[in-house]
Amino acid sequence: MANNRTPIMAGNWKMFKTPAETIAFFEKFLPLVERSTHCEIVICPPFVNIPAAVQAVAGTRVEIGAQNLFWEKQGAYTGEVAGPMLAAAGARWVIIGHSERRQYFGETDQTVFKKTVAALEAGLKPIVCVGETLEEREAGQTEAVLARQFDNGLAPLSPEQFSRVSVAYEPVWAIGTGRTATPELAAEAHRFLRERVRERYGEEVAAQVRILYGGSVRPDNVRGLMAQDEIDGTLVGGASLDPDSFAAIVNYL
Ligand code: 13P
């Protein structure tokens, strides 16, 4: 059954590219997506590239996001960046709780919740990441892990807060491995998450929340993924670094 959710095609550049490389990317990328009105297009570069990226996309439909934020608005937190600073720099989106942040920087469902609230207060649109590791999947714990991540990281949000959040399902075993989840397997996880949303926030919110898939999305597998009614967009790592390849993903139709 068709739905009326506008897809979000987002690129997570992780720790790649300088400001000059950011400008060069947009010079090639923007003309390729000029007519791509079927989806929202978001690029999340490293913090230091946000000003250059915002300037490059001015007057286009492409929006810029950050990959992380801290939950306090300001203060003695060496090395951290606050939501209001990102908004003031022109960022519109922010990725929260990416598995790399959970794995290498000690983020938890509790910090994900605090960061999501902070992002919303700053007027940013959060893309909150969830997903199981290979070990968890093989142990048959996928749904238990997704339930825990949703219940602790997202379910404490009010319905109004949650209505401004997008979710990214990123199975950890599919990230950077070239091993994509099959469209059916991804859709199954999305269905489980949407059902969790329905139980907590009701039918209407569940019908409108956008759930993106991330993990080895490439131009050659994006169509199959996007053909699933449950999949409302993609969060792309490696393949978002090249303008031709990310444009091909955005233009999957
Ligand atoms: P890859 O597309 O490189 O597998 O990364 C996915 C990801 O982590 C996006 O956030």
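Predicted model, so just to flag it, every value in this text is computed and none were measured.

Novice: Teacher, can you tell me more about the overall build of the protein here?
Specialist: The secondary structure content of the protein amounts to twelve helices and eight strands. Over its C-alpha atoms the protein spans a radius of gyration of 17 Å, differing by no more than 12% from the 18 Å that the globule rule assigns to 253 residues. Once the C-alpha set of the protein is aligned to its principal axes, its extents read approximately 45 × 45 × 35 Å. Split into buried and exposed, the 253 residues of the protein put 53% on the buried side. Sequence-distant contacts in the protein: of pairs separated by 6 or more residues, those separated by 24 or more amount to 72%. Just so you have it, the protein exposes about 11400 Å², and 53% of that area is on carbon and sulfur atoms. Between the averaged position of the 25 positive side-chain charges in the protein and that of its 31 negative side-chain charges there is a distance of 3 Å.

Novice: In this structure, what is going on with the nonpolar core? I would like to understand it.
Specialist: Soluble globular proteins tend to pack their nonpolar side chains together in the buried interior. By size, the foremost hydrophobic cluster in this structure holds 66 residues, and its most contacted members are Phe26, Phe29, Val62, Phe162, Tyr213 and Phe246. For this core, the element with the highest residue contribution is helix H9 (residues 183-201), accounting for six residues. With near-sequence residues (within four places) excluded, Phe246 lies in contact with Met9, Ala10, Gly11, Phe25, Phe29, Ile41, Val42, Ile43, Val236, Ala239 and Ser240. The next biggest cluster of nonpolar side chains, apart from the first, holds eleven residues, and it includes Cys44, Trp93, Ala168 and Leu212.

Novice: How should the site of the ligand be read in this particular structure?
Specialist: In the vicinity of the ligand lie 13 residues, with Lys14, His98, Gly176, Ser216 and Gly238 positioned nearest. Interatomic distance of 2.7 Å between a side-chain N/O atom of His98 and an oxygen atom of the ligand. Surface burial for the ligand is 95%, taken as the share of its 310 Å² of free accessible area covered by protein chains. In terms of residue class, the shell around the ligand is built from four nonpolar, seven polar and two charged.

Novice: Can you walk me through the packing of aromatic side chains in this structure?
Specialist: Two measures describe an aromatic ring pair: the distance that separates the ring centres and the angle between the ring planes. As enumerated under the stated definition, the model contains 13 aromatic pairs in all. An angle of 50° between the planes, with centres 4.9 Å apart, marks the rings of Phe70 and Tyr77 as tilted. Classification of Phe70 by relative accessible area gives buried; the value is 12%. Owing to a relative accessible area of 38%, Tyr77 belongs among the partly exposed residues under this scheme. Ring centres 4.4 Å apart and planes at 5° place the aromatic pair Phe162 and Tyr201 in the stacked group. Note that Phe162 is positioned in helix H8 (residues 159-162) and Tyr201 in helix H9, a separation of 39 residues in sequence. Judged by its relative accessible area of 0%, Phe162 falls in the buried class. Ring pairs connect the aromatic residues Trp13, Phe25, Phe26, Phe29 and Phe246, which therefore count as one cluster.

Novice: What exactly am I supposed to notice about the pairing of strand E5 (residues 125-130) here?
Specialist: A regular strand places its side chains so that they alternate between the two faces of the sheet. When you tally the buried positions in E5, you get five out of six residues, the bulk of the element. Judged from the four bridges that link them, strand E4 (residues 93-96) and E5 form a sheet pairing that is parallel. Considered in E5, the bridge of Ile96 is made with Val128. Across four bridges, E5 lies against strand E6 (residues 166-169) in parallel orientation. Looking at E6, one finds that Val128 is bridged to Val167.

What counts and how
- Residues numbered from 1 in each chain as written.
- Predicted model: local features only at pLDDT ≥ 70, side-chain atom pairs only at ≥ 80, totals over all residues.
- Heavy atoms only, no water.
- Helix = DSSP H or I, 4+ residues; strand = E, 2+ residues; numbered from the N terminus.
- Rg over C-alpha atoms; globule rule 2.2 N^0.38 Å.
- Buried < 20%, exposed > 50% of the residue type's maximum accessible area, 1.4 Å probe, protein only.
- Contact = heavy atoms within 4.5 Å.
- Areas by Shrake-Rupley, 256 points an atom, 1.4 Å probe, with all protein chains shown as cover.
- Lys, Arg positive; Asp, Glu negative; His and termini not counted.
- Charge placed at Lys NZ, Arg CZ, Asp CG, Glu CD.
- Core = buried A, V, L, I, M, F, W, Y, C linked by side-chain atoms within 4.5 Å.
- Near = heavy atom within 4 Å.
- Polar contact = N/O pair within 3.5 Å; in protein donor to acceptor, adjacent residues only side chain to side chain.
- Nonpolar A, V, L, I, M, F, W, Y, C, P; charged D, E, K, R; others polar.
- Phe/Tyr/Trp six-rings, centres within 6.5 Å; stacked < 30°, edge-to-face > 60°.
- Pairing = 2+ DSSP bridges.

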